[in-house]
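# Structural overview
Take a look at the letters that make up each chain.
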Amino acid sequence: QVQLVESGGGLVQAGGSLRVSCAASGRSIRSYAMGWFRQAPGKEREFVSAINWRGGSTVYADSVKGRFTISRDNAKNTVSLQMNSLKPEDTAVYYCAAGPAYGSKNVADFGSWGQGTQVTVSS
């Protein structure tokens, strides 16, 4: 029921930083756990990070832990993913998602998805 639109993707050199954001409409994200997933060509969509409805708890995939930071601003109805020390392996379409409960890393547990934003990391 919530509509999500990602933005902020682009081309960045390895070692650089990028911040992708997700704007929600139709519903407040206050009652949703929010997550970021990514999908590269020829690969399955994979979990990147998630944050609970208050923003006090976060979880990250091992591949991005220490480099990425997820945050949310319920007043602005947005969620962001700050990506630092980017690697070519991070190249993918990044998707914002909303789910009813925090804790899941499964695509099937998130009912609302954005269109995705392309992130390309060059070497």
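Below you will find a few notes about this structure. (Residues numbered from 1 in each chain as written. Predicted model: local features only at pLDDT ≥ 70, side-chain atom pairs only at ≥ 80, totals over all residues. Heavy atoms only, no water.)

## With respect to the overall build of the protein
Counted only if it meets this: Going along the chain from the N terminus, every DSSP run of H or I of four or more residues is numbered as a helix, and every run of E of two or more is numbered as a strand. Values of the radius of gyration come from C-alpha atoms, whereas the globule rule sets the reference at 2.2 Å times the count of residues to the power 0.38. A 1.4 Å probe rolled over the protein chains alone gives each residue an accessible area, and that area as a share of the maximum for its type sets the label: buried under 20%, exposed over 50%, partly exposed in between. Throughout, a residue-residue contact means that at least one pair of heavy atoms, one from each residue, lies within 4.5 Å. Residue-level accessible areas treat just the shown protein chains as cover; the underlying method is Shrake-Rupley with a 1.4 Å probe.
In terms of regular secondary structure, the protein is built from 0 helices and 11 strands. Here the protein has a C-alpha radius of gyration of 13 Å; the compact-globule value for 123 residues is 14 Å, and the two agree. Reported as C-alpha extents along the three principal axes, the dimensions of the protein are approximately 40 × 25 × 25 Å. By the burial criterion, 42% of the 123 residues in the protein qualify as buried. Taking contacts inside the protein between residues at least 6 apart in sequence as the whole, the part at least 24 apart equals 59%. Per element, the accessible surface of the protein, about 6,300 Å² overall, is 46% carbon and sulfur.

## Re the pattern of salt bridges
Pairing is possible between side chains that carry opposite charge, provided their charged atoms lie close to one another. For clarity, the cut-off: Each reported salt bridge corresponds to a side-chain nitrogen of Lys or Arg within 4 Å of a carboxyl oxygen of Asp or Glu.
Counting across every chain of the model gives 3 salt bridges. Here Glu46 makes a salt bridge to Arg38, at a shortest N to O gap of 2.8 Å. Notably, a salt bridge pairs Arg38 with Asp90, separated by 2.9 Å at the nearest N-O pair. With a gap of 52 residues between them, Arg38 in strand β4 (residues 33-39) and Asp90 in the loop between β8 (78-83) and β9 (92-99) connect regions that are remote in the sequence. Accessibility classification places Arg38 together with Asp90 in one group, the buried group. Each of Arg38, Glu46, Arg67 and Asp90 takes part in a single network of salt bridges with overlapping partners.

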